[in-house]
Amino acid sequence: MARTWILLLLAALAVSSCGNSSNPFDTEEETTDDSEDDGNGPINGDLTRLPGTENPTPSSEIYRYEEMDENGNGFALRPMYHADTDSFSIDNLAFDGANEYSRDDEVPSLGPAGGTGPFYVYEAAETVTDPVNGKEIDQLEHKAIYAMSTSGATEAVVVRTGGYEDFGFGGFVYLRNDGNTVVIPTSGQARFDGDYAGLRDFNGRGGLEYSVAKIQLDIDFADFNGNLAQDAIKGQIYDRQIYDTSGLNITQSIIDTLNDDAGSIVYTSLPVIELDIGPNTIDANGEVYGTLGSKRVSEGELEEFLIGNYYAVLAGANPNEITGVIVVTGTDPRWDDVEVRETGLFTSDR
């Protein structure tokens, strides 16, 4: 499998460091086997599960990662945090230095507009030295974003590269840590509020961008009715802002382009990403899966803008938190024949 690549030259800057004592992703990989019914399935069929934990239970650790495919998805393997150097090691991505990701020197953290955190940004080395002749070898641009929930029970990391003309190699991981459980109620509803951050890569051009937003998720634990799963969920990702990798807010440039084609509609913010409501989205183990997207008005017609999937895990006796990942794609209105993919992570509390 080959990729046409664009080398992006970045200025060499000193790396800042900010410690975090977590060591989240040192779990051994497992292969999901859904051929056996463990009695915790959704009501009307199998919940869509990513690779990872084979036989999850409400009280077990759950580890999920992006499935590897011929398009470059899921190639990032075994992300591990190193507290002593505030860095990640991530395997199986070409030309990302020595697989070590340090805190980004220009945008070390991301958060809602006007704030910082709770998302930490890491980058691969820009050059590697040939040990024989001492010459420098330019590397491709790779970034990673990491988040931990307030309690530390759940975590997620995503890594993408902007060094290719089409979507490059990368991946994501999310998990509920060992020793944490979930109890799914059989009645009532719950609202979860939190934050979101993402990496945006492209098909048709190179480069990376960041996104930040707020997220609200609502769960109805009484409906749809079933013995083992209650899985009605809705939500939205809103107040979205887009930044380049130097930290410059470029949201208005996208809004302006949307307005060029919107006719009588005037956009003052980016379209909200909304979760689709439907069955088979939450199981008794606290795993969550569904579809989501946003729409835009173009030449007087309402059309899809971004569309994709979300994956998450619940934790807590209430439960009181949810952490996960979304992947959406769509046409980027700023350029002709360019597709954007946004891979984001979120953590929300009740």
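Residues numbered from 1 in each chain as written. Predicted model: local features only at pLDDT ≥ 70, side-chain atom pairs only at ≥ 80, totals over all residues. Heavy atoms only, no water.

### What to know about the pairing of strand β13 (residues 209–220)
- Burial of β13 is extensive: eleven of the twelve residues sit out of reach of the surface.
- Relative to β13, strand β12 (residues 189–203) runs antiparallel, the two sharing twelve bridges. Residue pairing in the sheet places Gln 189 in a bridge with Asp 220 of β13.
- In this antiparallel pair of consecutive strands, β12 and β13, the connection spans five residues, and Gly 204 shows a positive phi of 120°.
- Judged from the eleven bridges that link them, β13 and strand β14 (residues 232–244) form a sheet pairing that is antiparallel. (Buried < 20%, exposed > 50% of the residue type's maximum accessible area, 1.4 Å probe, protein only. Helix = DSSP H or I, 4+ residues; strand = E, 2+ residues; numbered from the N terminus. Pairing = 2+ DSSP bridges.)

### Remarks on the confidence of the model for the chain
- Residues with a pLDDT of 70 or more make up 82% of the chain, whose mean pLDDT is 84.
- Across residues 1–24, where pLDDT falls below 50, the model places 70 contacts with residues more than four positions away in sequence or in other chains. (pLDDT = per-residue confidence, 0-100. Contact = heavy atoms within 4.5 Å.)

### A short note on unusual backbone geometry
- Each neighbour pair has its own omega, and for Asn 318 with Pro 319 the value is -10°, a cis peptide bond.
- Within the element layout of this structure, Pro 319 appears in the loop between β17 (301–315) and β18 (321–331).
- Unusually for a residue other than glycine, Asp 86 sits at a positive phi of about 50°.
- Looking at the secondary structure, you find Asp 86 in the loop between β2 (77–82) and β3 (87–91).
- Overall, the relative accessible area of 1% leaves Asp 86 in the buried class.
- Phi at Glu 299 is positive, roughly 55°, even though this residue is not glycine.
- On the secondary structure map, Glu 299 appears in the loop between β16 (287–298) and β17.
- Taking the relative accessible area as the measure of exposure, Glu 299 reaches 69% and is therefore exposed.

### Some remarks on the nonpolar core
- In this structure, Ile 237, Val 288, Leu 292, Leu 314, Ile 322, Ile 326 and Phe 346 are the most contacted members of the largest nonpolar core, which totals 38 residues.
- Looking at which element gives the most residues to this core, the answer is β17, with five residues.
- In this view, Val 288 contacts Ile 233, Thr 281, Ile 282, Tyr 310, Tyr 311, Ala 312, Leu 314 and Ile 322; residues no more than four positions away in its chain are not counted.
- Counting 23 residues, the second-largest nonpolar core is a separate cluster that includes Leu 50, Leu 110, Tyr 174 and Val 327. (Core = buried A, V, L, I, M, F, W, Y, C linked by side-chain atoms within 4.5 Å.)

### Things to note about the side chain of Thr 343
- On the secondary structure map, Thr 343 appears in strand β19 (residues 339–349).
- At 3.0 Å, the side chain of Thr 343 forms a polar contact with the side chain of Arg 160.
- Ignoring any residue separated from it by four or fewer positions in sequence, one finds Thr 343 in contact with Val 158, Arg 160, Phe 172, Gly 198, Leu 199, Val 325, Ile 326 and Val 327. (Polar contact = N/O pair within 3.5 Å; in protein donor to acceptor, adjacent residues only side chain to side chain.)

### Some details on the sheet that holds β12
- Around the barrel, which closes on itself, the eight strands sit in the order β12-β13-β14-β15-β16-β17-β18-β19 with antiparallel pairing between neighbours. Pairwise comparison of adjacent strand axes, ignoring direction, gives a mean angle of 25° for this sheet.
- Taken together, the eleven bridges between β12 and β19 define a ladder with antiparallel strand orientation. By the bridge assignment, Asn 203 is partnered in β19 with Glu 339. (Axes fitted to C-alpha atoms, helices over the stretch in contact; angles between N-to-C directions.)

### Observations regarding the environment of Arg 334
- Relative to the assigned elements, Arg 334 resides in the loop between β18 and β19.
- Note on Arg 334: relative accessible area 19%, which makes it buried.
- Between the alpha carbons of Arg 334 and Leu 258 there is a distance of 8.4 Å; along the sequence they are 76 residues apart.
- The residues contacting Arg 334, other than those within four sequence positions of it, are Arg 200, Phe 202, Glu 209, Ile 250, Ser 253, Ile 254 and Thr 257.

### Quick notes on helix α1 (residues 251–261)
- Taken together, the buried positions of α1 are occupied by Thr 251, Ile 254, Ile 255, Thr 257 and Leu 258. Projected down its long axis, α1 carries its buried residues within an arc of 160°, all on one side.
- Of the surrounding elements, those touching the buried residues of α1 are β12, β14, β16 and β17.
- Downstream of α1 by one or two residues, Gly 263 has phi in the positive range, about 70°. (Arc of directions from axis to C-beta.)

### Describing the packing of aromatic side chains
- All told, the structure shown has eleven aromatic pairs when counted by the stated rule.
- Centre to centre, the rings of Phe 202 and Trp 335 are 5.9 Å apart; their planes meet at 85°, and the pair counts as edge-to-face. Of the two residues, Phe 202 sits in strand β12 while Trp 335 sits in the loop between β18 and β19, which places them 133 residues apart along the sequence.
- Here the aromatic residues Tyr 81, Phe 88, Tyr 122 and Tyr 146 are joined through ring pairs into a cluster of three or more.
- The ring of Trp 335 carries the charged tip of Arg 205 above its face, separated from the ring centre by 4.0 Å. (Phe/Tyr/Trp six-rings, centres within 6.5 Å; stacked < 30°, edge-to-face > 60°. Lys NZ or Arg CZ within 6 Å of the ring centre and 35° of its normal.)

### Some remarks on the pairing of β14
- Pairing geometry for β14 and strand β15 (residues 273–275), over two bridges, is antiparallel. Across the sheet, residue Ile 237 finds its bridge partner in β15, namely Ile 273.

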